[in-house]
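Close look at the chain arrangement
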Amino acid sequence: MKLNNLVKTNFSKIRVGRGIGSGKGKTGGRGVKGQKSRSGVAIKSFEGGQMPLYRRLPKRGFKSFNKRYMAIINLSDIQNFIKAKKINTSEEVNIKNLKEKKLIRKNLNILKILGNGEVKEKIKISTNYVSKSAKSKIEKAGGSINILQNKKK
């Protein structure tokens, strides 16, 4: 037997604004006049003239206007794309082809190849950046890599 069943509650929720006899009639407990007495008003983060918390705390970080959206792809990802026949080894792998085949998001505009994994096929890659290990692994497999000039904004 629960404790809740032993306690008898005999009061109901107070219905605000239902006549003077209810005890919460007329102004409905909101006081008289002023902004807070009106409906649909919420004074968010207003602390009565005190400097609000969001202005007292220090602002950190910064959002760059010239953010460069970079697609980072490992050699293991390229090998998986070849295995799944999403990339053809006869054509060049570059950012444009990867976007067209929807292997990377379309807002990415720089390609970086990293050396995690192995590539078994001879493949031609055109990229903005490449790690030393990735470059050596691609050349070891008989492929070639073309590093594009990066445009500075």
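Everything in this summary refers to the structure shown in the same document. This structure is a prediction, so every number in the text was calculated from the model and none was measured. (Residues numbered from 1 in each chain as written. Predicted model: local features only at pLDDT ≥ 70, side-chain atom pairs only at ≥ 80, totals over all residues. Heavy atoms only, no water.)

With that settled, consider the side chain of Asn-128. Tracing the sequence through the fold places Asn-128 in the loop between β3 (124-127) and β4 (129-130). Separated by 2.9 Å, the side chain of Asn-128 and the backbone nitrogen of Leu-111 make a polar contact. Those residues in contact with Asn-128 that sit more than four places away from it in its chain are Asn-109, Ile-110, Leu-111, Ile-147, Leu-148 and Asn-150. (Helix = DSSP H or I, 4+ residues; strand = E, 2+ residues; numbered from the N terminus. Polar contact = N/O pair within 3.5 Å; in protein donor to acceptor, adjacent residues only side chain to side chain. Contact = heavy atoms within 4.5 Å.)

A surface patch of nonpolar side chains, amounting to about 250 Å² of accessible area, comprises Val-41, Ile-43 and Phe-46. Structurally, Phe-46 is set in the loop between α1 (3-6) and α2 (53-56). (Patch = residues over 30% accessible without salt bridge, like charges linked within 9 Å, V, L, I, M, F, W, Y side chains within 5 Å. Areas by Shrake-Rupley, 256 points an atom, 1.4 Å probe, with all protein chains shown as cover. Salt bridge = Lys/Arg side-chain N within 4 Å of Asp/Glu carboxyl O.)

The subject of this paragraph is unusual backbone geometry. The backbone of Lys-26 sits at a positive phi, close to 50 degrees, despite the residue not being glycine. With respect to the helices and strands, the residue Lys-26 is situated in the loop between α1 and α2. Taking the relative accessible area as the measure of exposure, Lys-26 reaches 76% and is therefore exposed. Even without glycine at this site, Ser-45 takes up a positive phi of about 55 degrees. The topology assignment puts Ser-45 in the loop between α1 and α2. Look at Ser-45 and you get partly exposed, because its relative accessible area is 42%. (Buried < 20%, exposed > 50% of the residue type's maximum accessible area, 1.4 Å probe, protein only.)

Further remarks concern the sheet that holds β4. Sheets are built from strands paired through backbone hydrogen bonds, the pairs being either parallel or antiparallel. If you walk across this open sheet you meet the three strands as β1-β2-β4, and the pairing is parallel. Looking at strand neighbours, the two that pair on one side only are β1 (70-74) and β4, the edges of this open sheet. Where β1 lies against strand β2 (residues 110-114), five bridges are found, and the strand directions are parallel. In the sheet register, Ile-72 faces β2, and the bridge partner there is Lys-112. (Pairing = 2+ DSSP bridges.)

Turning next to the nonpolar core. Grouped together as the largest cluster of nonpolar side chains are 22 residues, with contacts concentrated most on Ile-78, Ile-87, Leu-98, Ile-113 and Ile-125. Those elements that place two or more of their residues in this core are β1, α3 (75-83), α4 (95-100), β2 and α5 (132-140). Examining the composition of this core, we find that four residues originate from one element, α3, more than from any other. Look past the residues within four positions of Leu-98 in its chain and what remains in contact with it is Ile-73, Ile-87, Val-93, Leu-103, Ile-104 and Leu-111. (Core = buried A, V, L, I, M, F, W, Y, C linked by side-chain atoms within 4.5 Å.)

We now examine the environment of Ile-78. Among the secondary structure elements, Ile-78 is positioned in helix α3. For Ile-78, a relative accessible area of 2% translates into the label buried. The spatial distance from the C-alpha of Ile-78 to the C-alpha of Arg-55 is 48 Å, given a sequence separation of 23 residues.

Turning our eyes to something else, we now look at the pattern of salt bridges. When their charged atoms lie close together, side chains carrying opposite charge are able to pair. Counted under the stated rule, the structure contains four salt bridges. Residue Lys-101 is joined to Glu-91 by a salt bridge in which the shortest nitrogen-to-oxygen separation is 2.6 Å. Residue Lys-101 is found in the loop between α4 and β2, and its partner Glu-91 is found in the loop between α3 and α4; the two are separated by ten residues along the sequence. The salt bridge involving Glu-118 is made with Lys-137; its shortest N-O contact spans 3.8 Å.

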